[in-house]
Amino acid sequence: MLCKHHHLPKARKKLFLSLTTSAAAASSSGGQPETSPLPPPPLQSQLATFSSLIKNRQYASAKSLLESFLSSQTDPFPSIAPFIENSCEITKIPPPLVFDMVFRVYSDLGLTQNALQVFDLMIEKFGCFEGKSCHVFLLAVRKSGQIGSAVNFIRRIIRSECLDLTPCCVLIVLQDLCKIRRVKIARKMFDEMSQRGIEMNVLCYNCLIEAYAKNRDLDKVMEMLGIMKNEGIEFSVSTYTILIDFYSNLGEIEKAEEQFEELIELGLNGDVKLYSAIINANCKVGNVRRASELFDLCVEKGIEPNDFTYGALINGFVKLGQIDGAEMLISDMKQKGLNANLIIFNTMLNGYCRLGNIGKALELKNNMENNGIELDVYSYNIIACGLYKINKFDEAKKLLYIMIERGIKPNYVTNTTLINIHCKEGDLVEARRIFNKMRNPNLITYNSLINGYIKKQNIKEAERLKNEMEKKGIKPDVYTYASLIHGFCINKKTIIARKVFDEMILRGIKGNLVVYTSLINGLAKEGKSEEAFRVYDEMIGLGFKPDESVFTILVGSLHGGKTDTCQS
């Protein structure tokens, strides 16, 4: 119990006065000397039993009785506080001990306002408060999601000056603020604590560094690292893990490796999270050999790889199309008693589908279901996309509709896949129905429907969709323009197609092979051979390699049809 006798501002004394007013009023009559207030009979009995349990040090039973009593109590804390204090005086029990238990019980019950009233009473009346109870309150507030109450409580402690605020208490609030992306408020609190002389530990620094790293805020990350060094706070293994993940997400594998090497040179013993992070970083850039070496090093050092470690390496092999290596890792997991999680299974499904081996994907799906592993929306989407790519539209649709029937909510990939299928089948009505049901269709979904209308030669509806998406703040990309340019060219509107092309270039979007091929085909078929050759030269200059059909069309434009200037 940490205590400091002090005097708080007058405004703070109002609370304690309110706690004792009701008791004073009840005990005063006609100028007679005041007597101790007597609680109602049921309350009197409960307090007597509670006090007896406390006196006999049966704290667990006392707390259980208090929980039952306070949870059913309709009277506010100020009205029962005087009776509790009086009971302590009668039984010679230290009041701070009892009120601390009341504070903890209110916290556990989620009655934060009552708990704060107890806190204020203890500070005002006794000048004491148990530091560990702060931790209890903050964890209870975290559980109920009342982050505002946690911040206010920290400020209350600071103003009261009744106890030294521990970094552990500050950490709870910093973590909760960063979790809901209130990083600025978290940083403000961090700075305020530091200015008041409260030493922040490495966990507090890591909390903010990780928050800045998730936002890819390099300047703030470097700033926090600089403060750590100035304050003499040594980096922990977790600090290095955060930095490895950070540089990996920025695509800077060299810097990620530098952090790993620095940790090794300092003689720090890495943990499974650190090795998983550096393995994952290398797999992201396709460096599976280095990732495999790190995996072996992890095992050599006696660190058991977990499902995330295996998952990172399996993903690396799958991305390179080395599905055999991924299968060997899954077998290794089984031998070590580790079960592959859903993320790993989805990675394997994706690997099979990317290689066009839909049979293996369906076999894995069946094995998952037989072993009680429930597929999620990503599992279904991966297989459906695999079926779509090999033109098995009916099977893809059936699979996705089974998913929906099983109560799994479709996401934008699901809906986009269905829209693509219906567009391929020429069913624009059903494609549009699915599109209209989507709350926030994204660029890919718009492109799918635009392409569907282009194939139906409904260029007006395709243009309308482009305008609609732009009004919503969705910027068209090269695929949007490729569809529109192709649509105008097949409808012999190369003048408009060229304007759309110019708009694309002005917006800083580089054309792809489809854009240039469509434009050349359109111009050549209209006999505008000179302009077609200019576009061709531009395409070659950008490094694109056209197929033979482009040469055939260009040569054909020289021997017939209209020309824009003269034949050459």
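Residues numbered from 1 in each chain as written. Predicted model: local features only at pLDDT ≥ 70, side-chain atom pairs only at ≥ 80, totals over all residues. Heavy atoms only, no water.

## Some remarks on the overall build of the chain
Where we set the bar: Numbering of helices and strands runs from the N terminus; a helix is a DSSP stretch of H or I covering at least four residues, while a strand is a stretch of E covering at least two. Categorising residues by exposure relies on relative accessible area from a 1.4 Å probe, with only protein chains included: less than 20% of the type maximum marks a residue as buried, more than 50% marks it as exposed, and the intermediate range marks it as partly exposed. We call two residues in contact when some of their heavy atoms are within 4.5 Å. For the area figures, the Shrake-Rupley method with a 1.4 Å probe applies, and any residue is considered shielded solely by the protein chains shown. Charge convention: Lys and Arg are scored as positive, Asp and Glu as negative, and His as well as the terminal groups of each chain are ignored. Where a charge lies is defined by one atom per residue type: Lys uses NZ, Arg uses CZ, Asp uses CG and Glu uses CD.
A tally of regular secondary structure across the chain gives 31 helices and two strands. Principal axes of the C-alpha set define a box for the chain whose edges measure 120 × 60 × 55 Å. With 568 residues in all, the chain has 47% of them scored as buried. In the chain, the share of contacts with a sequence separation of at least 24, taken over all contacts with a separation of at least 6, comes to 62%. For the chain, the exposed surface amounts to about 30000 Å²; the carbon and sulfur share of it is 52%. Taken together, the 70 basic and 64 acidic charged side chains of the chain have centroids lying 6 Å from each other.

## So, helix α23 (residues 412–424)
Convention followed: A helix is expected to reach a length of 1.5 Å times the quantity of its residues less one. Distance and chemistry together define a polar contact, namely a pair of N or O atoms within 3.5 Å, with one atom able to donate a hydrogen and the other to accept it when in protein, and with adjacent residues in sequence counting only for side-chain atoms on both sides.
When the terminal C-alpha atoms of α23 are compared, their 18 Å separation across 13 residues agrees well with the 18 Å that a helix rising 1.5 Å per residue should span. What α23 keeps buried is the set Thr414, Asn415, Thr416, Thr417, Leu418, Ile419, Ile421, His422 and Cys423. For α23, the N-terminal cap is asparagine 411; the gap from its side-chain oxygen to the backbone nitrogen of valine 413 is 3.1 Å. Glycine 426 sits one or two residues past α23 and shows a positive phi near 80 degrees.

## Let's talk about the packing of aromatic side chains
Selection criterion: Ring geometry is summarised as follows: Phe, Tyr and Trp rings, the Trp one being its six-membered ring, pair when their centres sit within 6.5 Å, and such pairs are stacked at plane angles under 30 degrees, edge-to-face over 60 and tilted between the two.
Going through the model one piece at a time under the given rule, you end up with 16 aromatic pairs. With a centroid separation of 5.0 Å and 80 degrees between ring planes, the pair formed by phenylalanine 435 and tyrosine 446 is classed as edge-to-face. Remark: tyrosine 446 occurs in helix α25 (residues 443–455) and phenylalanine 435 occurs in helix α24 (residues 428–437); sequence separation between them is eleven residues. Judged by relative accessible area, which is 3%, phenylalanine 435 ranks as buried. Following the ring pairs from residue to residue traces out a cluster consisting of Phe77, Phe99, Tyr106 and Phe126.

## Thoughts on the confidence of the model for the chain
Selection rule: Per residue, pLDDT captures the predictor's confidence, and it can take any value from 0 to 100.
Across the chain, the average pLDDT comes to 87, with 90% of residues at 70 or higher. Counting contacts from residues 4–35, a segment whose pLDDT is below 50, to residues more than four positions away or on other chains yields 39 contacts. Low pLDDT, under 50, characterises residues 561–568; the stretch is placed with 17 contacts to residues that sit more than four places away or in other chains.

## Focus: the pattern of salt bridges
Two side chains with opposite charge may pair up if their charged atoms get near one another. Note the following rule: For this document, the term salt bridge refers to a Lys or Arg side-chain nitrogen within 4 Å of an Asp or Glu carboxyl oxygen.
For the structure shown, the criterion picks out 32 salt bridges. Across the pair glutamate 369 and lysine 365 runs a salt bridge, and its minimum N-O distance is 3.2 Å. Of this pair, glutamate 369 and lysine 365 are both found in helix α20 (residues 358–370), four residues apart, which corresponds to roughly one turn of the helix. The class of lysine 365 is buried, set by a relative accessible area of 11%. By sharing partners, the salt bridges in this structure join Arg432, Glu461, Arg464, Glu468 and Lys472 into a single network.

## Points about a negative patch on the surface
This is how the line gets drawn: Nonpolar side chains (Val, Leu, Ile, Met, Phe, Trp, Tyr) are joined into patches within 5 Å and like charges within 9 Å, using only residues with over 30% relative accessible area and no salt bridge.
Residues Glu254, Glu258, Glu262 and Glu265 make up a contiguous surface patch of negative charge. Along the chain, the position of glutamate 262 falls in helix α14 (residues 253–265).

## Here we look at the state of the cysteines
For clarity, the cut-off: When the sulfur atoms of two cysteines come within 2.5 Å, that pair is taken as a disulfide.
All chains considered together, the criterion is met by zero disulfides. Summary of cysteine pairing: cysteine 207 is not part of a disulfide, and the nearest cysteine sulfur, belonging to cysteine 178, is at 3.9 Å. For cysteine 207, a relative accessible area of 10% gives the class buried.

## Overview of the environment of isoleucine 408
Relative to the assigned elements, isoleucine 408 resides in the loop between α22 (393–405) and α23. Residues isoleucine 408 and leucine 65, 343 residues apart in the sequence, show an inter-C-alpha distance of 45 Å. Ignoring any residue separated from it by four or fewer positions in sequence, one finds isoleucine 408 in contact with Leu375, Asp376, Val377, Tyr380 and Met403.

## Some words on the layout of surface pockets
Let me state the cut-off plainly: Think of a 1 Å grid over the protein atoms and nothing else: a 1.4 Å probe that fits but is trapped marks a cavity, an open set flanked by protein within 12 Å on at least five of seven lines marks a pocket, and residues with an atom within 4 Å of a point count as lining. Grid points are joined across faces, edges and corners, and a volume is the space filled by probe spheres set on the points. In the scheme used here, Gly and all other residues not listed as nonpolar or charged are polar, with Ala, Val, Leu, Ile, Met, Phe, Trp, Tyr, Cys and Pro taken as nonpolar and Asp, Glu, Lys and Arg as charged.
Here the largest pocket is characterised by a volume of approximately 730 Å³. What lines the largest pocket is a set of 27 residues, and nearest its centre among them are Asn206, Glu210, Ala211, Lys214 and Ile242. Listed by contribution, the elements that provide at least two residues to the lining of the largest pocket are α9 (167–179), α11 (202–214), α13 (237–249) and α15 (272–284). Considering only residue class, the lining of the largest pocket consists of twelve nonpolar, seven polar and eight charged.

## With respect to helix α27 (residues 478–490)
Look at α27: 18 Å from first C-alpha to last across 13 residues, which is about the 18 Å you get at 1.5 Å a residue. Here α27 lies mainly inside the structure; ten of its 13 residues are buried. Of all the positions in α27, only Val478, Thr480, Tyr481, Ala482, Ser483, Leu484, Ile485, Gly487, Phe488 and Cys489 are classed as buried. Here the buried face of α27 lies against α25, α26 (459–471), α28 (494–506) and α29 (513–525). For α27, the capping residue at the N-terminal end is aspartate 477, with a side-chain oxygen 3.1 Å from the backbone nitrogen of tyrosine 479. Count one or two residues on from α27 and you reach lysine 492, which has phi positive near 60 degrees.

## Here's the deal with a positive patch on the surface
Residues Arg216, Lys284, Lys319, Arg354 and Lys389 make up a contiguous surface patch of positive charge. Within the element layout of this structure, lysine 284 appears in helix α15. The partly exposed category is assigned to lysine 284, whose relative accessible area is 37%.

## Some points on the packing of α22 against α23
To keep it simple, the criterion reads: For helices, the fitted line uses only the C-alpha atoms of the stretch in contact; every axis is such a line through C-alpha atoms, and the angle between N-to-C directions lies from 0 to 180 degrees. Each crossing gets its handedness from the near helix: less than a right angle anticlockwise from the far helix is left-handed, clockwise is right-handed.
As a packed pair, α22 and α23 sit with axes 10 Å apart at the nearest point and diverge in direction by 145 degrees. Here α22 runs over α23; the crossing is left-handed. Along the contact surface, α22 presents Phe393, Ala396, Lys397, Leu400, Tyr401 and Met403, while α23 presents Thr414, Thr417, Leu418, Ile421, His422 and Lys424. Here the residues of the contact of α22 with α23 are counted per class, giving seven nonpolar, three polar and two charged.

## A few points about the side chain of asparagine 206
For asparagine 206, the location among the structural elements is in helix α11. Using a relative accessible area of 6% as the deciding quantity, one classes asparagine 206 as buried. Ignoring sequence-local partners within four residues, the contact set of asparagine 206 consists of Ser236, Ser238, Thr239 and Ile242.

## Details of the packing of α15 against helix α16 (residues 288–300)
Heads up, the rule is: Note on terminology: angles under 35 degrees are roughly parallel, angles over 145 are roughly antiparallel, angles of 65 to 115 are roughly perpendicular, and the others are oblique.
One can describe the packing of α15 onto α16 by two numbers: an axis separation of 8 Å at closest approach and a directional angle of 165 degrees. The pairing of α15 with α16 is recorded here as roughly antiparallel in orientation. Every pair of crossing elements has a handedness; the one defined by α15 and α16 is left-handed. Contact residues: Tyr275, Ile278, Ile279, Asn282 and Cys283 in α15; Arg290, Ala291, Leu294, Phe295, Leu297 and Cys298 in α16. Taken together, the residues of the contact of α15 with α16 break down into nine nonpolar, one polar and one charged.

## A closer look at the side chain of asparagine 415
Mapped onto the elements of the fold, asparagine 415 is located in helix α23. What asparagine 415 contacts, discounting residues up to four positions off in sequence, is Pro410, Ile434 and Met438.

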